[in-house]
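Given next are the chains, with one letter for each unit.
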Amino acid sequence: MRYLVVFLFFLQSLLSFSQGQEEISKVSGTIFNDNTNLPISSVNIINLNKVVGSVSDDKGYFEISVSVSDTLLLSYIGYQSLKIRVTNDWIKNKTTKIQMTEKAIALEEIIIQPYYLTGYLEVDSKLIPNPSNYRYSISGLPQGYEAGEYAPNAFGNILGSMFNPADKLYNFFGKKGTELKRLKQIKKDETVRNLLESKFDRETLAVLLGIDKKEIAEILDHCNYSESFIKTANDLQIMDAISGCYEDYKVLKKK
């Protein structure tokens, strides 16, 4: 009887351990245009839970590692981004077909205003606006670089946010700790890095961080990044900038 009890206890522990382990599977899919039914190549697929990526080939085919209930983000220029939840059926069947819809893009009117130059350098240098590019965070380099006057208020803004709970940085960094910790994980995946390096719309980055695209600009502004950098940097550089600001915040918080 005692051996039976020990055996049942061992069996229960084994089952509990197995249930606690997240089973990772590899699934595949083929992506089509929902209108032409033609395959779409070079679609970026990111597993938002595991922060790993994949890219569809010339036939629209891709493979990626998943677990049940993971969410995949599909994005491609000119198409509406798509979120798909991984189901048991998909894992069981190993493959699926996915349709993406093209965006209807309306071009806005652009007004070009010329600069009326006088020919005198001293006068013309004041007529042409000179953007104040304070700090640039270049992906792949270990530190930020200044292009103009040094911005000494970056630490001050972060420090001030810690003593003022209403501050934007305090609210963001305090509530998004889990998402921000994933920044290091994001940087490790080459597919995700390449995707962010080629994008400038902040859409994928916003989904990865779980925030609105408008908040990204507000956060970088609070961290003393210039308006020019915020508008022109690619998503990977923006991610590095937010990561650097968050690391400064953590250091000051410990102190």
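The rules behind each value
Residues numbered from 1 in each chain as written. Predicted model: local features only at pLDDT ≥ 70, side-chain atom pairs only at ≥ 80, totals over all residues. Heavy atoms only, no water. Pairing = 2+ DSSP bridges. Helix = DSSP H or I, 4+ residues; strand = E, 2+ residues; numbered from the N terminus. Salt bridge = Lys/Arg side-chain N within 4 Å of Asp/Glu carboxyl O. Buried < 20%, exposed > 50% of the residue type's maximum accessible area, 1.4 Å probe, protein only. Core = buried A, V, L, I, M, F, W, Y, C linked by side-chain atoms within 4.5 Å. Contact = heavy atoms within 4.5 Å.

Caption draft 1: Seen up close, the pairing of strand β6 (residues 82-85). Bridge count for strand β5 (residues 71-75) against β6 is four bridges, and the pairing is antiparallel. If you follow Leu74 over to β6, its bridge partner there is Leu82. Connecting the antiparallel pair β5 and β6 is a turn made up of six residues, with Gly78 showing a positive phi of about 90°.

Caption draft 2: Looking closely at the pattern of salt bridges. Tallied over the entire structure, the rule returns four salt bridges. Close ionic contact of Arg202 with Asp235 constitutes a salt bridge, the shortest N to O distance being 2.7 Å. One end of the pair, Arg202, is in the loop between α7 (190-197) and α8 (203-209); the other, Asp235, is in helix α11 (residues 235-254), with 33 residues separating them in the sequence. Taking the relative accessible area as the measure of exposure, Arg202 reaches 9% and is therefore buried.

Caption draft 3: Examining the nonpolar core more closely. Counting residues in each nonpolar core, the largest one holds 34 residues, and the members touching the most others are Phe173, Leu180, Ile186, Ile216, Leu220, Ile238 and Ile242. When residues of this core are traced back to their parent elements, those giving at least two are α5 (168-175), α6 (177-188), α7, α8, α9 (213-222), α10 (227-232) and α11. If one sorts the elements of this core by residue count, α11 sits on top with eight residues. Residues contacting Phe173, with those up to four places away along its chain left out, are Leu180, Ile219, Cys245, Tyr246 and Tyr249. In this structure, Val27, Ile40, Val66 and Met100 belong to the second largest nonpolar core, which totals 17 residues.

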